[in-house]
Structures are given as structure tokens and as C-alpha cells.
Amino acid sequence: MAKELLILDNGTTCSCWNYCGARLAAGSADGTVSIFDFCDSASSSSLRSSFKFKAHEGNVVKVVWVPPEYGDAVASVSADGVVSLWEEVAQDSQPTQWKFCKSFGSSSSKVLDVQFGTSLNSLKMVVACSDGHVRVYELLDPLELRNWQLQAEFQNVIESVSAFGKALCFSASISWNPQKGGSQESSFLIGFNSNTSELNSSKVWEFDQAHQRWLPVAELALPEEKGDRVYAAAWAPNIGRPYETIAVATQKGLSIWHLGLNPDHNGTLPVERVALLPGHEGMVWQMEWDMSGMTLATTGHDGMVRLWQSNLNGIWHQQAVMEPTA
Amino acid sequence: MSRVASDTVGNGALVPFSEDTKDSLAVYPLHHGLAPPISRIAISWARGNSLRVSLFATPSSEPSRTPQDQSGGKVLEVKLGVGDPEISDSRWRQIAYGSVAPFALLQSRRSALSEMIKSSSPYQMDWWENVLEYSKDITSLLSGPKLPPGPIIEERTDIVKKREEPTCLKAAWELLEIFYADKQSQAWLPEKLVDWLADYDSLFSSTHETVYGKLARFQKELVDIQVLEDDPRYWEVMSSALSVGWLDIVVKMLRLHGSYQLDQLSNRELENGLVEAVAVLISKMPRLCHESTNGKLGELFKSKPDFIKAWEKWRSQITKLDCSPFWIQCGNHHTREGLRNLLQIMLGNTESLCMATCYWIELYISHFLYIRPFTTGIESMYNLAQKCIQLKPPSSNHKLTGLIVGILEENTEVVLAESSREFGPWMVAHAIELLTAGSEQAEIVLHDERYNLGGISMIELHRLVYAQVLSSHALTWQIAPIYLTSCMKQGMGLLENLLYRQSIQHNDLLLKNIEICRLYELDHISSDIMKVAGVYHWKHGHKGAGVYWLQQSKDTSRLNRIAQQLFDSVGKSISDESFKQWEGLIELLGSESKPAGGLEFLHKYRDFKRSLQQVYGGKATDAARQAVGSLILLMKNPSTPQRFWLPLLYDSLKLFNWHECPLLNVSETNLLLNKLQELSWARLHPHFSEPNLPAEALSSIRLALATNLGRAILDE
Amino acid sequence: MAATAMLESERPVIHRLPQHKYIDAVRWLPPLSTFDRFAVLAAFDTDSGSSSIEIHSLNPNPLSLQPHSSFSSSSRVSSLRASQFLQKTVVAASTAAGSLHILFSDPADATFESEVSMPEEEGLHSVPGSCVDLMDGGVECVTVGEDGRVNLVSIGNSNLSRDRLFDSGGLVSYTAAKWASPMEFATGGYGFSLQWWDKRKPGGPVSQFKANWDQKFTAGIVHSIDIHPSRKHTCLAGGSLGTVFAWDLRWQQQPIILSGAEVQSISESEVWEVQYDRCIKSSATSTRILPAMICSEDGILAVIEQGEEPIELLAEPCAINGFDIDRHNPSDVICSLEWEAVAILTRR
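Procedures and definitions
- Residues numbered from 1 in each chain as written.
- Chains lettered and ligands numbered in written order.
- Predicted model: local features only at pLDDT ≥ 70, side-chain atom pairs only at ≥ 80, totals over all residues.
- Heavy atoms only, no water.
- UniProt positions renumbered as here; feature names shortened; annotations may be inferred.
- Buried < 20%, exposed > 50% of the residue type's maximum accessible area, 1.4 Å probe, protein only.
- Helix = DSSP H or I, 4+ residues; strand = E, 2+ residues; numbered from the N terminus.
- Arc of directions from axis to C-beta.
- Contact = heavy atoms within 4.5 Å.
- Pairing = 2+ DSSP bridges.
- Axes fitted to C-alpha atoms, helices over the stretch in contact; angles between N-to-C directions.
- Expected span 1.5 Å × (residues − 1).
- Core = buried A, V, L, I, M, F, W, Y, C linked by side-chain atoms within 4.5 Å.
- Salt bridge = Lys/Arg side-chain N within 4 Å of Asp/Glu carboxyl O.
- Polar contact = N/O pair within 3.5 Å; in protein donor to acceptor, adjacent residues only side chain to side chain.
- Phe/Tyr/Trp six-rings, centres within 6.5 Å; stacked < 30°, edge-to-face > 60°.

For chain B, the name recorded in an unreviewed UniProt entry is Nuclear pore complex protein Nup85, with Arachis duranensis as its organism. Under the UniProt heading Subunit (unreviewed entry), the entry covering chain B gives this text: "Component of the nuclear pore complex (NPC)." The record in UniProt for chain B states the following under Subcellular location (unreviewed entry): "Nucleus, Nuclear pore complex".

The name an unreviewed UniProt entry gives chain A is Protein SEH1, with Arachis duranensis as the organism. Heading Sequence similarities (unreviewed entry) of the UniProt record for chain A holds this comment: "Belongs to the WD repeat SEC13 family." Regarding chain A, the relevant UniProt record gives this comment under Subcellular location (unreviewed entry): "Nucleus envelope".

Explanation requested: helix H19 (residues 440-447) of chain B in the structure shown.
In an α-helix, one turn spans 3.6 residues; hence positions three or four apart end up facing the same way. Residues and elements named next belong to chain B. Looking at H19, one finds that the buried residues are Ala442, Glu443, Val445 and Leu446. Looking down the long axis of H19, one finds its buried residues gathered within 165° of arc, a one-sided arrangement. Seen from the buried face of H19, the exposed residues on the opposite side, beyond 90 degrees, are Glu440 and Ile444. Looking at the buried positions of H19, the neighbouring elements they touch are helix H18 (412-438) and helix H20 (458-471).

I'm lost on the sheet that holds strand E4 (residues 32-38) of chain A in this one. Help?
Strand pairing in a sheet relies on backbone hydrogen bonds. The paired strands run either parallel or antiparallel. Residue and element names in this part refer to chain A. Taking strand neighbours across the sheet as the criterion, the four strands line up as E2-E3-E4-E5 in an open arrangement whose pairing is antiparallel. At either end of the open sheet lies a strand with only one pairing partner, and these are strand E2 (12-17) and strand E5 (47-54). Within the sheet, the average angular offset between the axes of one strand and its neighbour, ignoring direction, is 25°. Two elements, E4 and E5, share seven bridges in a ladder whose sense is antiparallel. Within E5, the residue paired with phenylalanine 36 across the bridge is serine 49.

Would you mind going over helix H11 (residues 304-322) of chain B with me for this structure?
All names here are of chain B. Relative to the 27 Å expected for 19 residues at 1.5 Å per residue, H11 spans 26 Å between its end C-alpha atoms, a close match to the ideal helical length. Taken together, the buried positions of H11 are Phe307, Ala310, Trp311, Trp314, Arg315, Ile318, Leu321 and Asp322. Considered in projection along H11, the buried side chains sweep an arc of 140° and stay on one side of the axis. Facing away from the buried surface of H11 by more than 90 degrees, the exposed residues are Pro305, Lys309, Lys313 and Lys320. Of the surrounding secondary structure, the elements contacted by the buried residues of H11 are helix H10 (269-283), strand E5 (286-288), strand E6 (299-301), helix H12 (326-329), helix H13 (333-346) and helix H15 (360-371).

What's the story with the nonpolar core in this structure? I'm lost.
Judged by nonpolar contacts, the single largest core of 183 residues is most densely connected at B:Phe179, B:Leu254 and C:Leu301. Per-element accounting of this core gives the leading share, 12 residues, to H18(B). Residues contacting C:Leu301, with those up to four places away along its chain left out, are C:Met293, C:Ile294, C:Cys295, C:Ile311, C:Glu312, C:Leu313, C:Leu314, C:Ile320, C:Phe323, C:Val333, C:Cys335 and C:Leu345. Judged by nonpolar contacts, the second largest core, of 59 residues, contains B:Phe567, B:Tyr605, B:Leu631 and C:Met135.

Which parts of the structure should I look at to understand the pattern of salt bridges?
Two side chains that carry opposite charge are able to pair once their charged atoms sit near each other. Evaluated as defined, the whole model comprises 62 salt bridges over all chains. A:Asp208 is the salt-bridge partner of A:Arg213, the closest N and O atoms lying 3.6 Å from each other. For A:Arg213, a relative accessible area of 43% gives the class partly exposed. Its relative accessible area of 15% is what places A:Asp208 among the buried residues. With a closest N to O distance of 2.4 Å, C:Asp326 and C:Arg37 form a salt bridge. Of this pair, C:Asp326 sits in the loop between strand E26 (320-325) and strand E27 (332-337) while C:Arg37 is found in the loop between strand E2 (22-28) and strand E3 (38-45), placing the two residues 289 residues apart along the sequence. By relative accessible area, C:Asp326 is classed as buried at 5%. In the salt-bridge network here, residues are joined through shared partners; they are A:Arg23, A:Asp37, A:Asp72 and A:Glu88.

How should the side chain of C:Ser168 be read in this particular structure?
Residues and elements named next belong to chain C. Summarising the element assignment, serine 168 is placed in the loop between strand E13 (160-167) and strand E14 (174-179). For serine 168, a relative accessible area of 1% puts it in the buried group. Polar contacts involving the side chain of serine 168 include one to the main-chain carbonyl oxygen of valine 172, which spans 2.7 Å.

How should the sheet that holds strand E25 (residues 316-325) of chain A be read in this particular structure?
On the basis of which strands lie adjacent, the open sheet formed by five strands has the order E22(A)-E23(A)-E24(A)-E25(A)-E1(B) and mixed pairing. On the outer flanks of this sheet lie strand E22 (284-289) of chain A together with strand E1 (27-31) of chain B, each paired with one strand and no other. For this sheet, the mean inter-axis angle between neighbouring strands, taken without regard to orientation, is 25°. Direction of pairing for E25(A) relative to E1(B): parallel, over a ladder of five bridges. In the strand pairing of E1(B), A:Glu323 is matched with B:Pro29.

Please explain the environment of C:Gly191 as it appears in this structure.
Residue and element names in this part refer to chain C. Inspection of the secondary structure assignment puts glycine 191 in the loop between strand E15 (184-189) and strand E16 (194-198). Assessed through its relative accessible area of 1%, glycine 191 is described here as buried. When the C-alpha atoms of glycine 191 and valine 139 are compared, they prove to be 31 Å apart, with 52 residues separating the residues in sequence.

It is not clear to me how the packing of aromatic side chains should be interpreted in this structure. Could you clarify?
Geometrically, a pair of aromatic rings is defined through the distance of the ring centres and the angle of the planes. Residue and element names in this part refer to chain A. Tallied over the full model, the rule gives 42 aromatic pairs over all chains. For the ring pair tryptophan 65 and tryptophan 98, a centre distance of 6.1 Å and an interplane angle of 70° mean the geometry is edge-to-face. Highlighted residues: tryptophan 65 in strand E6 (residues 60-65) and tryptophan 98 in strand E9 (residues 97-104), separated in sequence by 33 residues. Classification of tryptophan 98 as buried rests on a relative accessible area of 9%.

Structural data, given as C-alpha cells:
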């Protein structure tokens with residue numbers, strides 16, 4: 001049932017597939033990022049390494065592909081919290097190579113997660129930082145990945161006035177609404193794993209065109225669980241359901257949420273938790289929805305890969321487990 | 001009687017990823033061969049049901065000895081819920097390809113029909129005949145390769161023959177056809193089942209002792225048996241074959257009886273007479289015939305009353321023979337007991353039937369043949385099945401039995417769940433057409449839109465699930481749209497996701513992808529795809545292809561950026577040799593008629609630059625006039641972006657200051673001056689981008705134009 | 001639009017032969033004897049991820065293809081040509097990775113006996129996509145690619161030598177090529193452009209065609225070109241949107257549209273291949289374009305002729321990705337079908 005595609009080099013720490021599953025980017029402890037390609041189209045026979053470049057001095061902890069409308073480019077995050085953006089180009093009859101575009105980071109806070117989304121025909125990059133701040137950058141020229149502008153910076157809280165001490169965040173999880181709405185506005189979801197309970201719960205942020213600012217439109221946590229640390233969050237593709245489906249992992253387990261499509265008079269979207277599932281006995285590393293949004297794959301601290309589905313009666317349950325064995 | 005399917009079968013799973021999820025959760029090993037421990041796992045869905053898992057080993061600090069230890073991780077691909085291991089991948093693809101046309105035909109007939117009768121349900125009239133035709137198409141698709149024909153001269157002792165290798169998939173399909181699609185067969189259900197078992201009994205041999213298995217074994221041993229009729233297996237096998245109605249086999253075997261041998265005929269006359277009498281009775285067994293059941297033994301009757309009459313007569317003949325005094329005179333103990341047992345079977349002796357059959361389904365079939373030959377209607381059939389299961393409790397479950405029980409108890413959900421679990425998404429997506437034709441109630445269950453499923457019906461759900469499976473393979477994803485477009489609510493959403501996730505690197509694949517967008521009017525998706533292709537080619541040094549695709553996607557914002565770059569490049573390279581290369585690209589940008597997105601002016605710009613080149617090259621006034629002509633054309637053309645005006649005019653300084661004569665007339669000069677004026681307004685606009693020109697450019701242009709104007713006025 | 005209806009007795013005999021592999025290209029092999037017939041298939045096995053170029057023998061009664069000889073290719077075949085040279089059959093294949101393979105087969109038994117190739121490292125083409133045409137008589141190949149390179153490769157017994165005629169540096173991409181004479185050839189590309197080259201004049205095409213199509217006509221990509229030996233001044237091209245047109249070098253900027261746009265088109269999707277149909281005797285005068293066969297993404301194989309209704313030979317539920325008319329038996333056509341099959345048609 002399982003087929004081996006690739007053996008990774010020693011020290012590889014993270015990987016990410018591009019939009020069509022034809023290229024893999026892998027980050028390593030020595031700060032390099034490797035790109036692998038399938039030898040032939042229409043086959044998933046074997047991957048071979050095609051490029052390797054040194055993106056960071058330290059450990060690479062995360063790699064993310066930029067949406068393909070902006071080229072073949074990856075953003076990598078290092079353990080010291082710097083984002084480095086590289087793209088593949090071949091100019092003036094030169095062979096194809098990977099070029100550095102830009103890096104993002106500050107001395108005061110580390111970048112924990114980065115995700116790209118398109119909204120109103122422009123590329124947005126959302127960055128979550130260790131001080132609990134969320135930054136949204138906007139690409140100015142669609143063909144030039146070097147020119148970015150900071151569009152907004154805010155904290156993941158509903159009430160902006162609430163005061164709390166210096167936040168220390170360990171991890172964060174960002175998930176864009178996967179809707180491909182080129183010229184439409186888009187929204188994203190973010191949750192933190194931090195020592196500050198106000199920051200933690202997953203909130204849905206939407207851009208308010210009239211006032212040119214990002215607003216929280218939903219909070220995915222029960223009233224008594226708002227301070228729970230969020231390990232991972234994933235927004236399911238919606239192929240036509242009358243609600244959005246979102247998965248959020250906290251120490252209590254995996255929650256499946258339904259998010260209504262129509263806001264109430266306050267502009268808030270109705271939410272309903274439809275399932276609480278046991279999860280991975282601790283930290284959840286990653287959650288991924290399939291392209292129909294029917295099956296959720298998760299992996300975490302217990303070292304398993306688990307698949308979750310709803311049955312015909314709307315009851316969510318575990319569908320299969322994959323256990324790595326030597 | 002009815003049980004809730006979702007509680008018992010496959011957890012009511014939407015996608016049957018695991019073969020058996022009845023009680024315990026299926027745990028799949030992911031063999032990676034890495035040195036433990038695994039420090040981290042990353043997961044990613046590829047298209048459809050294909051999940052890619054990256055496993056990262058804990059980095060080892062010390063240099064390791066074996067290369068095995070050195071690998072830092074593995075990337076695995078897991079394909080989930082693909083279906084039936086009985087059938088190879090390439091065979092599955094063939095079935096997938098072959099079922100497209102029947103499926104599409106049925107859908108188009110359905111929509112044509114519902115157009116015709118908007119008011120009432122489309123399943124009236126003779127809808128089932130369409131479904132039956134569809135079902136027959138699928139059946140022929142599922143037929144395996146014909147086995148090579150046996151030797152032309154048949155061995156006297158050849159008793160079991162196969163025409164083609166049977167598969168569970170085809171067996172299941174035919175079963176569904178009998179019960180749901182073929183309305184004419186409703187009256188002949190028992191007879192159809194007898195025929196069905198004759199074709200597929202061998203399949204059950206994988207999990208159970210079967211009549212077929214007994215026969216096949218006996219066939220092998222046959223040559224070594226000296227005196228056939230003295231061997232108890234001979235009689236046992238015959239009684240088994242008779243119990244499930246394989247009359248021709250039994251008659252053939254009876255004729256192997258030793259008493260037929262010429263040298264024995266005289267002294268075993270009576271014994272032979274009894275054997276022959278039984279053989280004749282067997283071959284005269286009255287049978288209801290549903291269609292051309294040719295090549296079968298038994299007396300065939302088309303109408304029920306005739307059949308009943310014949311049946312009673314036949315039974316009385318058997319009873320008469322059973323009570324005959326000749327039995328006492330028959331010296332051969334084996335023959336006597338064996339033949340009488342055959343008679344008991346024909347008389348419907350439950351105990352004999354129970355002994356003769358191996359598996360509950362065989363016992364069930366024997367009931368229809370000998371105990372309840374006049375059975376009609378499905379209601380009593382389920383009770384009988386339960387009785388047979390009690391009499392012969394199965395030690396293990398064959399993949400077909402769950403389906404049979406589900407059908408008999410008329411539980412649509414169980415039938416679906418069993419089909420899905422045992423035969424996978426292809427089966428469900430296609431068989432559901434048969435189920436909806438089966439009954440009003442099933443149709444309601446299957447068409448009902450459920451909130452829990454996100455507002456879709458079971459039919460749509462199973463098509464989506466099948467489309468996901470198709471999407472997982474590089475060669476079958478192109479079929480998925482056929483099924484997705486038959487899904488009213490969520491099909492298009494999934495199709496969009498599928499199309500967007502195709503690689504654009506290879507033109508053939510890209511064009512096939514765009515063709516699907518065109519067929520289903522998904523212009524926004526094809527525009528996205530072409531944009532991705534355009535950016536890919538542009539960034540990878542295929543400028544012509546990049547511009548072509550961006551033009552196709554009408555991406556003006558990117559084309560405007562490109563126009564700027566090309567303007568600079570064309571301007572620079574016009575003088576050198578490499579310009580030849582640009583020619584082709586500029587040709588491609590072509591004429592005004594196409595939406596080139598601010599690029600068509602490059603064509604004119606090229607002409608302008610070329611004549612300008614000649615001017616600088618020292619050519620005469622004619623060239624200069626030509627250059628002016630091109631300049632005016634460029635400046636008049638609304639497609640020439642404003643940001644290029646100043647560089648164009650600056651390039652033309654020499655023309656404005658032409659010493660021999662003013663090259664521009666009054667109105668032309670005024671046109672250019674007006675453009676300059678417009679430019680100075682535009683510079684106040686916040687988004688104006690200043691061209692990279694010397695600071696005095698504007699003023700020197702203005703001065704030159706003013707001078708030219710003065711000279712032109714004097715000239716006129 | 002509806003194609004001309006054919007009488008039952010005129011319909012071609014069609015055999016569909018499943019291959020259980022994706023067929024990237026098909027060609028007939030020039031006949032070696034009057035009794036044996038062979039076809040060469042470029043196949044891609046998705047289960048194993050391997051590509052091969054296979055010679056199959058054609059067995060009558062029942063018609064079937066029998067694998068005969070096979071060469072395993074490192075990458076998928078993007079275009080395939082077969083010709084004859086000094087009593088040997090020569091097969092030329094360009095691959096998606098940019099390599100070129102020339103295979104020689106033994107005239108006696110039609111098995112591959114030797115091979116010369118230009119591996120991708122030699123930089124004939126940078127990925128992706130390239131196209132090859134083999135000169136009649138088989139001593140020289142032209143290869144063109146999306147990278148904008150135009151190469152001439154001369155074939156020796158043990159080596160290939162490359163000569164780069166032109167490199168557009170990617171500014172122009174080429175998607176089709178066809179020899180017109182030992183000195184001239186035509187190429188096609190994006191925007192329905194065609195170029196005419198003379199190998200004695202390197203540095204660029206000697207003539208370019210880029211019509212000012214009218215408004216209704218959207219530009220597409222040329223996928224295939226054919227040039228008839230008796231009319232070397234006319235280039236027949238097929239491409240996107242069911243477009244088939246001819247470019248007469250003598251009337252530079254005016255294409256003769258045979259299908260597509262307002263002209264009766266038998267297909268609206270990609271025309272993957274065009275070939276002059278040597279089977280049909282044209283009633284046309286010498287000024288008209290000769291009849292041509294096309295295959296398309298929407299599963300049509302048809303013969304089109306200027307001013308006549310198209311004749312549909314095959315309408316498949318899946319794409320027909322390529323075909324080849326047997327030069328020596330022009331009534332026979334072999335097609336590669338999207339659904340891992342080959343179809344063989346015999347016209348009556």
C-alpha cells in the first residue's frame with residue numbers, strides 16, 4: 001500500500017510539497033533547503049534532487065511553497081525565527097537556479113509560522129511571531145518577489161484593549177481559507193501555543209475593505225476553553241457545503257468546527273463544535289485536509305498518522321491509523 | 001428486521017479506506033527502515049486519496065557505519081481506499097475507462113427523460129430498461145478474458161468446465177442486476193439465482209467447502225478410481241451437484257456408471273435400468289425458463305400453470321420410482337443407496353439436501369429447486385435465507401455473502417456499505433444506478449439530501465468518493481470530471497480543486513487540463529491555470545511562451561510589468577545582433593486585434609526604433625521621416641502606456657532638432673505637446689512612476705518641440 | 001457540425017487494442033518484407049514508471065499487436081519518427097528530458113540492433129518538451145524545443161553530431177518541426193506561428209508566418225506540421241481550437257483555413273496531429289490544398305478537404321493523441337488513444 005518515493009539526507013527536519021505534488025522542498029539542520037522533482041511527469045516513480053541552496057545559518061524548521069501564480073518559490077523558517085524567501089529563475093539563457101529574494105525577521109521576536117494566501121488579486125504573507133504578533137505583508141509587484149510591504153500588524157485577540165504581560169509563544173499555526181477567490185477577499189485562521197491565554201484560541205481574521213484593517217470574525221473555542229493552547233489548525237477546502245469546516249488541535253484533542261457563512265449583525269460568523277476527538281496524546285504536529293475536505297489527516301506526538309472522517313450520520317470518528325515501523 | 005447500517009457495517013464510512021473496520025480500528029504499518037526513533041512526521045495530500053508521508057529520523061551526531069543509518073528520512077506515498085485487491089491496477093483502469101461511456105449515456109438519458117416529464121418522477125415509464133442496458137454494458141466490461149476452449153473432442157470424464165475466470169466483482173454486479181435492474185427477472189428470481197450460483201459457486205471455494213470444490217477435486221481423482229460406483233465419493237459428488245441443480249453434470253456422471261459398460265450390460269441389466277431411469281428423471285426435471293436457457297437439461301416451461309402441472313407429474317414419477325420393488329432386486333448396495341439418495345434430493349428431503357450441500361447459499365438454492373419451487377416475491381426469501389444460515393452456520397464470511405444478505409433483507413444501506421467495503425468506490429458509484437431503479441423507497445433514501453453530508457445525497461457522495469479515487473492516478477484523473485459534473489451540489493467545487501492541482505510544466509497535460517475547463521465552462525479556473533503556466537515560463541526563461549499564456553489568461557497586471565521589462569530590453573538590444581531573437585517574440589505579440597495587454601505597441605516601437613537606428617546610422621532624411629511616422633503612430637495609439645511617452649520622446653530628440661527641415665508638421669507637433677501636457681498632469685498623481693531619464697529630459701523635449709513648432713509654422 | 005455520413009459498407013474496420021500502458025506515440029515501420037508488418041510504439045508504464053520504445057508485429061486474424069523488440073528509454077518520449085536508410089529502419093525519438101535516441105533495427109527480423117543517443121546532459125534541449133523530425137532517407141534530424149533551440153543532428157553509425165542552427169534564448173518556443181527538402185524545414189510554435197528555415201542560412205528563419213487573424217480567431221499553439229513532397233511550398237499545420245490551416249509560402253500572410261474559426265470545424269479542441277492523406281484521391285484541382293487527416297483531443301479522427309464536408313473516421317470517448325498513416329498501405333491508420341490503447345483502422 002505504501003510506496004517509497006525518496007530517501008532523505010541525514011539532518012532533514014521538514015518538508016513541503018508544492019501545489020500539484022510534483023516538487024518537494026526539504027529543509028535541513030545545516031540550514032540548506034533541497035528541491036526534489038519527479039523524473040517524469042504522470043508518474044510518481046521516484047524523486048531526484050535537482051537543487052540545493054543554503055538559506056540559513058541555523059536549523060531550518062519549516063518550508064512553505066509560495067502559490068504558483070507567483071512562480072516556483074519557497075519560504076523557509078529557521079530555528080532562530082528568520083524567514084528566507086527564495087525563487088527559481090532562469091534569466092538570459094542562464095541555467096535555472098535558485099535565487100535569494102528577501103528575508104524577514106527581527107531581533108525582538110522570532111517567526112514561528114508563515115503562510116501565503118491570495119486576496120484581492122495580490123499575494124499576502126502572514127507571519128506569526130513569538131511575541132504574539134501577527135504581521136501581514138503584501139507583494140507589490142506580482143512578478144517580483146523582492147518587493148514586500150507590511151500591510152498590517154496586530155495581536156491574535158478579540159478585544160484589542162485587553163492588557164497582558166509580555167507574551168511568550170512557543171508555536172503558532174496559520175491556515176488560510178483555501179477558497180481560490182482570485183479577486184475576492186480572503187480570510188485566515190490563526191492560533192497560538194503561548195503562555196498568554198488571550199492569544200491562544202484560534203480566531204478567523206478577515207480584511208475589512210472599508211476601514212483597511214483586519215478584523216476577527218470568529219473564535220473557535222468554547223467559552224471555558226479559550227485559553228487552551230493551540231497546536232495546529234487547518235481550514236478545510238469547501239466544495240459546496242453550506243458551512244466551512246475547520247479542525248483545531250489543542251491539548252484536549254482534535255476539535256472539528258463548523259463555521260457559518262453568513263455573519264450576524266456584529267459581523268461575527270456563527271460557530272459550532274461538531275466533534276471532539278482524542279488526537280495524539282499530546283502535541284499535534286500537523287493536520288491536513290484532503291482536496292474534498294472530507295478526510296482529515298493528522299500526525300503528532302504519538303508518532304502515528306491518523307485519518308478522520310464523518311460518517312453518514314455526521315458523527316466524526318477515526319477511520320484509519322498508520323503506524324511507522326522499521 | 002431492518003438494522004441501521006452505519007452501526008454495523010464499516011462504521012457507515014464514507015470512504016472505505018480499510019478493508020475491515022467492523023470492530024477494531026485498522027492499523028497499517030508504514031515500513032520505513034530508518035533507525036529509530038522517528039523525530040517528526042510531515043503529511044501532505046496529493047490529488048485524490050493519495051497521502052504523502054515524510055518521516056524524519058533523529059539526526060545522528062556521530063558518523064554512522066551503514067548507509068542505512070545515514071538516511072535522515074523517507075518519503076512514502078500511501079494510496080487509500082483504492083479498492084479490490086483481486087483485480088490488478090491496470091485492469092481497474094480498464095474498467096474505469098470502459099464504464100465512462102455507459103455511465104455518461106445513462107446520465108444523458110436521465111436528463112433527457114426528466115426534461116420530457118418535468119412534472120413526475122423520471123423513473124416511471126420503462127426507465128428500468130435503460131438501467132438494464134447500462135447494467136449489461138457494465139457486465140460485458142467486467143467479463144474476464146475467455147478461457148482457451150478445451151480440446152475439441154471432449155474427454156468422456158470431463159465434468160466441470162469454465163468459460164471464463166469468474167470474479168467476485170462480476171458476481172456481485174450480476175446479483176444486483178437480478179434483484180434491482182432486471183424487472184422482468186422479478187418473477188424468476190429463484191431460477192436466476194440457480195443460474196447465478198452455477199456460474200459463481202467456484203468463487204466461494206476460497207473460504208468454504210463448495211459443491212464446485214468437491215467436483216473439481218473428484219475430477220482429478222477420477223482417472224485413478226477403478227470401480228466408480230463402489231466409491232462413496234462418486235455418489236456424494238453427484239448428490240451435491242444435483243442438490244444445486246447442475247443436471248447435466250449429474251447425468252453425465254451417471255452415464256459413467258459401470259453398468260453401462262458393454263461387457264457388463266448383460267449381467268447388470270436391472271441395475272443399469274435403475275441408473276438410466278434416474279438419469280432420465282433428472283434430465284426431465286421441469287424448470288421455469290426466463291429467457292433462452294439453451295444448452296441446459298430439464299424440461300423448460302414458460303408459463304407457471306404448465307410448470308406446476310409438469311412439476312406435480314414429475315414428482316409423482318419420482319415417488320413411483322422410489323416405491324418401486326426393483327430396488328430390492330438391485331444387488332449393488334452402493335448403486336441402490338446412491339440412486340435412492342438422489343431421489344430423496346429430488347423429492348426435497350431436507351436432511352438429504354442438507355447433507356449434499358456444503359454452504360448455506362447452496363442449501364438455499366436447493367430449497368428453491370426441490371422444496372419451494374413455486375417461490376415468488378422477495379419477502380419469504382429473506383426468512384428462508386435465515387433458516388439456511390441457521391442450518392449451516394458459516395465459519396467465516398465470504399465477501400459476497402454480506403451483500404447477498406443485505407439484498408435479501410432489502411436494506412439499501414447495507415447493500416451500499418457492503419459493496420463499498422468489499423468492492424470499493426467504483427462499485428458503489430456505478431451500482432447505485434441499479435439500486436435507484438430497484439424501488440421507490442431506495443430511490444428516496446439515495447436521493448435524499450442530508451445536512452450531515454453537507455447537503456448532498458448518497459448518490460452524489462458516492463460519485464464524489466469515486467472521483468477522488470480516479471483523481472489519485474495520473475491516467476484516470478481525466479475521467480473524474482464525467483462523474484463530478486453529474487454531482488449537482490459539490491461536483492464542480494471538487495473539479496475546480498482537481499484541475500487547479502495539475503502540473504502545468506508539460507504542454508500536453510496543460511492543454512488537456514484547459515480543454516476540460518473549456519468543456520465545463522470553468523473560465524476562471526483555466527485563467528488561473530494559464531496564469532500559473534505563464535509565470536512559470538516567464539520565470540524559467542521561455543519569455544515567448546510566458547507572454548502567450550499570460551495573454552491567454554488576460555492577466556493585464558502581469559503583462560504591464562512585462563511590457564516595462566520588454567520595453568527596456570527591446571530598446572537596448574535594437575542596436576545589437578541579439579535583436580534577431582526578439583523578432584519572433586514581437587511577431588507573437590502581433591497585431592492590435594488581440595488582447596495583448598499593453599504589449600502590442602511593442603510592435604510599433606520596434607519599427608520606430610529600427611528607423612531611428614538608421615537615422616543614427618547616418619541614413620538620409622527619408623529614414624528620419626519614417627521614424628517620425630512611427631513615433632506619431634505610437635503616440636496616437638491608445639495602447640501605448642503613458643509611462644513610455646517620455647522615454648519615446650526623449651529618444652526622438654534628434655528628430656525634433658532635425659537640421660535640414662522640420663520633420664513634424666504643426667498638428668503633429670501639437671499632438672506631442674499635448675501629450676507632454678498630459679504627462680505633467682499625470683506626474684501629480686501619487687502612483688506616477690518616474691522614468692529613469694536625465695533630469696533635464698522634459699525641458700529639453702519641450703524646447704525641441706517648441707523649436708520644431710516654430711519652424712513648422714514658418715514652413716506652412 | 002455533422003460530418004458526412006458514411007455508408008455502413010464504407011466504414012473503416014476498427015480494432016481497439018488495449019496496451020495497459022500509456023502510449024506516448026505510434027508510427028508504422030517501413031515494411032521490410034511484403035508479409036510482415038510492424039509498428040513502433042512509445043509506451044509509458046505508470047505502474048513501474050518506466051518508458052520504452054517497442055516494435056510490435058501486427059498479426060492478422062484476429063488482428064493483434066505482439067511485442068517484438070524493446071528499448072528502454074530514460075524518459076518519456078515526446079515525439080517519434082521512423083524512416084528507412086540504407087536498408088535499415090531508423091527510429092528517432094526525442095524525450096521529455098531533452099535527450100534524443102536514434103535506434104537502428106535489423107532489416108531481417110525487425111529487432112533493435114543498435115542505438116546512438118544524445119543524452120540530456122549534452123544540452124540538446126533544456127526541459128521541457130522537444131520535437132524531432134527525421135529526414136526522409138534518415139541521415140539527419142531536426143530537433144526543436146520550447147527552449148527556443150533549433151538543432152540539426154546528423155546521424156552516424158556510432159555517433160551523433162549536433163549543430164545548433166539557432167537559439168532564440170527562450171524568446172520564441174517551437175512545438176513542431178517538419179522537413180520539406182534536404183535543405184529546408186518548417187517549424188511551428190505559439191500564436192499559430194510558422195517559420196521556414198534553410199540550413200544553409202543559419203541565424204534565423206528565412207521566412208516567418210504570423211497571420212493577422214481576424215477578431216473571432218483566437219491564437220493557439222501549432223502541434224503538428226506536414227509538407228507534401230509534391231508541394232513543398234505549402235505548410236499544413238494543426239493546433240489548438242480545432243484549427244487546421246495551410247500556409248503557402250507564395251502568399252505570405254494569408255492562411256488557408258481548413259478547419260477552425262468560421263470554417264466548418266470537426267473539432268473545437270486540440271488537433272494533435274495532421275498528415276496529408278495519401279489514400280484519398282482528391283477531386284480537387286491543383287490550386288486546392290490536398291486532403292488531410294487529423295486527430296483531436298475530443299476523440300475525432302477525420303479527413304478534411306478544402307471546401308468539402310469533413311469525413312469522420314473515428315469518434316472515441318477519449319482523446320486520440322496521435323496517428324500515423326501507413327505510407328505503403330495508405331488505407332491503414334494506427335492511432336494512440338488516451339485510455340492506454342491503440343486503434344488500427346483499415347479503410348475500405
